Amino acid sequence: MTFATMIECNTGMPTERLARMACRRTRAVRTRASIRRLMTGLLGMSLVGLTACTSQPAPADPAWVQSTPALGTGPATSEVEARRVDRVQPKLTWDKCGTAECGSVRLPLDYDEPDGTMIELSLTRVKVKDRKNRIGTLFVNPGGPAVPATGFALQAPDFFSKRVLARYDIVGIEPRGVGGRNVLRCFTSQDGLSQAMQGSVSTFPYSASEETAAVRTAKAVGRACSTTGKELAGAMSTAEVARDMDVLRRALGDEKLSFYGKSYGSFLGQVYANMFPDRIRSVVIDGVIDPRRWTGAAGSPDLDPGAAAEGAYRALTEIFTRCDKAGRVACPIAGNAARTFDELAQRLRTRSVTVDEPGYGRIAVGYDDLVANVLNSLYLPQGADDIVRTVQRYRAAARTSPAAAEPNPPTAQAGSGPASDYPGEGRYGVTCTDMDSRPTDAADFPALAAQADRKTPYFGRLWTWTYSVCASATWTVQDEDAYRGPFDRRTSEPVLVVGNYWDPATNYSGAKAVAGLLPNSRLLTSDNWGHTAYRFSPCVKSAVDAYLIQKALPADGTVCKENPQPFA
């Protein structure tokens with residue numbers, strides 16, 4: 001697997017296991033042309049000729065931007081937070097790392113105890129060549145949570161425009177508990193990990209036996225991370241990452257923070273903006289999470305905190321609607337495409353089908369494979385065509401081939417050595433400590449997942465199970481310094497909020513909600529397909545670049561009109 005594919009296959013997907021399986025099967029299903037499109041999207045390469053862009057007003061004209069409004073004195077960083085971070089004086093060390101620099105830094109595990117336990121974090125920096133015209137450091141976060149931003153920074157030359165790369169050093173930080181010497185390990189041995197994972201082999205559970213195994217695994221992981229992994233898991237909330245970022249901002253010589261975060265990175269940007277509202281130069285959040293849903297601040301558990309199931313189902317149903325309108329020449333499953341898909345899904349719920357997969361031979365695919373492949377396709381601008389091909393392949397297999405049992409994916413093997421990283425430990429270390437309101441018992445999740453699937457078919461169950469480890473009866477460790485609001489503080493400079501209509505992982509409703517929450521923000525909208533907008537939309541890229549470089553905002557109400565559109 002190339003590094004670029006690995007980033008896509010682990011960023012913003014609901015579980016590490018789902019990401020891995022979806023990518024494995026998607027690579028087998030896609031044609032070579034599809035893979036070329038996938039890699040083009042991943043690396044943020046030029047989509048000229050594939051993606052046209054217009055907006056209201058048009059971004060190509062310098063007159064379309066509005067200068068940042070002058071502000072009076074707004075809220076300041078609290079005395080408690082200022083004391084926590086300002087007394088820390090870190091020492092960074094750098095080594096050459098290909099065309100970039102790889103660094104490390106030791107920071108307090110607990111900012112209330114700056115002379116206590118320290119953790120070592122890794123950084124990657126891509127430096128601007130023209131130091132005279134350098135604006136400063138652009139901190140980046142690719143989402144996840146718990147995906148190293150170090151890799152994202154290495155990809156900066158293929159993701160960000162030349163304009164941005166000519167003015168900023170790009171810096172990515174490896175979050176706490178994710179890699180290097182500070183991986184969150186909740187099991188002391190491979191035996192413990194193997195026992196916890198026993199029988200939990202599906203992409204996401206939907207049969208009774210799979211749900212029973214998933215509940216058992218969720219409880220075991222929750223207990224392990226709250227005991228063996230307690231010290232680190234209790235210091236992994238997003239607020240800690242925001243504090244790390246503020247300390248490193250100052251260590252790198254930046255008076256104010258410049259930041260681009262997508263997907264979960266949008267929550268990190270919001271946490272920083274509200275904790276340090278007077279320390280902002282420019283903050284862009286792309287593919288936006290409503291922070292109240294992420295933290296459960298409304299007082300009840302939210303098991304679709306990014307409104308991901310809602311976004312994916314909305315995008316899928318829109319594809320089926322456009323398919324029917326386009327007709328069978330453009331869309332071979334037209335003629336009530338939604339019913340065709342649902343009939344296939346129901347068929348796969350009861351029996352798998354055998355398909356020929358290049359590089360894998362004949363394998364069995366089931367309902368979870370269908371949903372995972374569809375979700376993976378929705379992350380890309382041309383995903384509609386891939387979804388149609390997947391439906392055609394699976395339907396043909398259902399008509400012509402008998403079912404065959406699929407070999408279970410490998411689980412942890414028993415042994416006496418150190419435990420391998422459980423897929424998702426770092427993710428849960430962040431998610432479960434951010435959540436203020438959680439279901440009590442993992443045993444409640446089969447009913448909760450079924451309820452979610454009735455509300456948002458196919459995807460509700462998938463996303464709900466993602467949070468089963470966080471059940472409060474077994475995940476008991478918490479970060480006493482987690483940030484859970486308020487999320488409506490006026491910042492010293494505007495926050496640029498970017499949302500696209502058909503995002504399958506961070507529903508457009510999140511961008512609208514956050515733009516309404518932050519009193520000094522501007523909403524930039526795109527009608528592009530795929531997850532997040534900057535890498536897929538030249539129009540959005542132009543607007544974001546103008547804001548990052550000139551601090552110039554797009555005109556209020558700007559909507560980027562994008563191509564390609566499904567079946568057009």
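Structure report, in brief.

Cut-offs applied
- Residues numbered from 1 in each chain as written.
- Predicted model: local features only at pLDDT ≥ 70, side-chain atom pairs only at ≥ 80, totals over all residues.
- Heavy atoms only, no water.
- Helix = DSSP H or I, 4+ residues; strand = E, 2+ residues; numbered from the N terminus.
- Buried < 20%, exposed > 50% of the residue type's maximum accessible area, 1.4 Å probe, protein only.
- Contact = heavy atoms within 4.5 Å.
- Areas by Shrake-Rupley, 256 points an atom, 1.4 Å probe, with all protein chains shown as cover.
- Phe/Tyr/Trp six-rings, centres within 6.5 Å; stacked < 30°, edge-to-face > 60°.
- Lys NZ or Arg CZ within 6 Å of the ring centre and 35° of its normal.
- Core = buried A, V, L, I, M, F, W, Y, C linked by side-chain atoms within 4.5 Å.
- Disulfide = S-S within 2.5 Å.
- Expected span 1.5 Å × (residues − 1).
- Pairing = 2+ DSSP bridges.
- Axes fitted to C-alpha atoms, helices over the stretch in contact; angles between N-to-C directions.
- Parallel < 35°, antiparallel > 145°, perpendicular 65-115°, else oblique.
- Nonpolar A, V, L, I, M, F, W, Y, C, P; charged D, E, K, R; others polar.
- Polar contact = N/O pair within 3.5 Å; in protein donor to acceptor, adjacent residues only side chain to side chain.

## A few points about the overall build of the protein
Move 1: Summing up its helical and strand segments, the protein has 22 helices and 15 strands in all.
Move 2: When each of the 568 residues of the protein is scored for burial, the buried share is 61%.
Move 3: A separation threshold of at least 6 residues defines the contact pool for the protein, and within that pool the share at least 24 residues apart is 78%.
Move 4: Accessible area of the protein: about 21,300 Å², with a carbon and sulfur share of 50%.

## Some words on the packing of aromatic side chains
Move 1: All told, the structure shown has 25 aromatic pairs when counted by the stated rule.
Move 2: Judged by centre distance (5.7 Å) and plane angle (45 degrees), the rings of Y264 and W294 are tilted. Here Y264, found in helix 12 (residues 264-275), pairs with W294, found in helix 13 (residues 291-295); they are 30 residues apart in sequence, far enough to count as distant.
Move 3: A residue is classified by how much of its surface remains accessible, and Y264, at 5% relative accessible area, is buried.
Move 4: Measuring from centroid to centroid gives 6.0 Å for F445 and W465, while their planes differ by 40 degrees, and the two rings are tilted. Taken together, the positions of F445 in helix 19 (residues 445-455) and W465 in helix 20 (residues 459-465) put the pair 20 residues apart, joining distant regions of the chain. Comparing F445 with W465, the two get one shared label, buried.
Move 5: What links up through ring pairs into an aromatic cluster is the set F152, F159, F160, Y260 and Y534.
Move 6: The side chain of K262 reaches across the aromatic face of F152, ending 5.5 Å from its centre.
Move 7: One residue, R349, lies across the ring of Y367, its end atom 4.2 Å from the ring centre.

## Remarks on the nonpolar core
Move 1: If you look at the biggest cluster of nonpolar residues, it comprises 77 residues, and the most contacted ones within it are F139, M245, V271, W475 and V497.
Move 2: Residue contributions to this core peak at 7 residues, all from helix 12.
Move 3: In contact with W475, other than residues within four places in its own chain, are G222, C225, S226, A233, Y428, G429, C432, T433, R438, V469 and C470.
Move 4: Membership of the second largest hydrophobic core comes to 43 residues, among which are A315, I333, Y367 and A397.

## Quick notes on the state of the cysteines
Here a disulfide denotes one covalent bond, and it connects the sulfur atoms of two cysteines.
Move 1: Applying the stated criterion across every chain, the model contains 5 disulfides.
Move 2: Linked covalently through their sulfurs, C97 and C102 form a disulfide whose S-S length is 2.1 Å. Every disulfide takes its handedness from the sign of the S-S torsion; for C97 and C102 that torsion is -50 degrees, giving left-handed.
Move 3: We classify C97 as partly exposed; its relative accessible area is 28%.
Move 4: Covalently, C539 is tied to C560 through a disulfide, its sulfur atoms 1.9 Å apart. The disulfide joining C539 to C560 has a torsion of about -70 degrees about its S-S bond and is therefore left-handed. Note that C539 is positioned in helix 22 (residues 538-550) and C560 in strand 15 (residues 559-562), a separation of 21 residues in sequence. Across the pair, C560 and C539 agree in class, each one buried.

## Overview of the side chain of R279
Move 1: The topology assignment puts R279 in the loop between helix 12 and strand 9 (280-286).
Move 2: Ignoring anything within four residues of it in the chain, the contact list for R279 reads T77, A82, V85, D86, D246, R249, K256, L257, Y272 and S492.

## Considerations on helix 9 (residues 208-227)
Move 1: Between the first and last C-alpha of helix 9 there are 29 Å, a value that for 20 residues agrees with the 28 Å anticipated at 1.5 Å per step.
Move 2: Residues of helix 9 that are buried include every one of E211, A213, A214, V215, T217, A218, V221, G222, A224, C225 and S226, and no others.
Move 3: The elements touched by buried residues of helix 9 are helix 8 (190-197), helix 10 (230-233), helix 19 and helix 20.

## Here we look at the pairing of strand 6 (residues 136-141)
Move 1: Most of strand 6 sits inside the fold, with 6 of its 6 residues counted as buried.
Move 2: Alignment of strand 6 against strand 7 (residues 168-173), held across 5 bridges, turns out to be parallel. Paired with V140 across the strands is G172, a residue of strand 7.
Move 3: Here strand 6 pairs with strand 8 (residues 257-262) via 4 bridges, running parallel.

## Some points on the packing of helix 15 (residues 337-350) against helix 16 (residues 367-378)
Move 1: Between helix 15 and helix 16, the shortest axis-to-axis distance is 7 Å and the interhelical angle comes to 140 degrees. Of the possible angle classes, the one that applies to helix 15 and helix 16 is oblique. Facing F341, L344, A345, L348 and R349 of helix 15, the residues of helix 16 in contact are Y367, L370 and V374.
Move 2: Looking at the contact of helix 15 with helix 16 residue by residue, the class counts come to 7 nonpolar, no polar and 1 charged.

## A word on unusual backbone geometry
Note: most residues except glycine have negative phi, and most peptide bonds are trans.
Move 1: Cis geometry marks the peptide bond from G144 to P145, where omega comes out at 5 degrees.
Move 2: By the element assignment, P145 lies in the loop between strand 6 and helix 5 (149-154).
Move 3: For the peptide bond that leads from G485 to P486, omega is 5 degrees, which places it in the cis range.
Move 4: Its place among the elements puts P486 in the loop between helix 20 and strand 12 (495-502).
Move 5: Even without a glycine there, the phi angle at T532 is positive, about 75 degrees.
Move 6: Counting through the fold element by element, T532 comes out in the loop between strand 13 (521-529) and helix 22.
Move 7: Here K551, not a glycine, exhibits a phi torsion of approximately 55 degrees, which is positive.

## Focus on the packing of helix 14 (residues 308-326) against helix 15
Move 1: Direction vectors running N to C along helix 14 and helix 15 enclose 125 degrees, while the axes themselves pass 8 Å from each other. The angle between helix 14 and helix 15 falls in the class oblique. Seen from helix 14, the contacting residues are L316, F320, C323 and D324; seen from helix 15, they are A337, A338 and F341.

## A closer look at the side chain of S237
Move 1: The residue S237 is located in the loop between helix 10 and helix 11 (238-251) in this model.
Move 2: Side chain to side chain, S237 and D479 meet in a polar contact 2.8 Å long.
Move 3: Here S237 is in contact with T433, D434, D479, D481 and A482, once residues within four sequence places are set aside.

## Considerations on the pairing of strand 8
Note on strand geometry: in a regular strand, side chains alternate between the two faces of the sheet.
Move 1: Within strand 8, 6 of the 6 residues are buried, which leaves the element mostly enclosed by the surrounding structure.
Move 2: Alternating residues of strand 8 divide into L257, F259 and G261 and S258, Y260 and K262, and every residue in both groups is buried.
Move 3: Note: strand 8 against strand 9, 6 bridges, orientation parallel. Paired with F259 across the two strands is V283, which belongs to strand 9.

On their own, these measurements won't tell you what the molecule is for.
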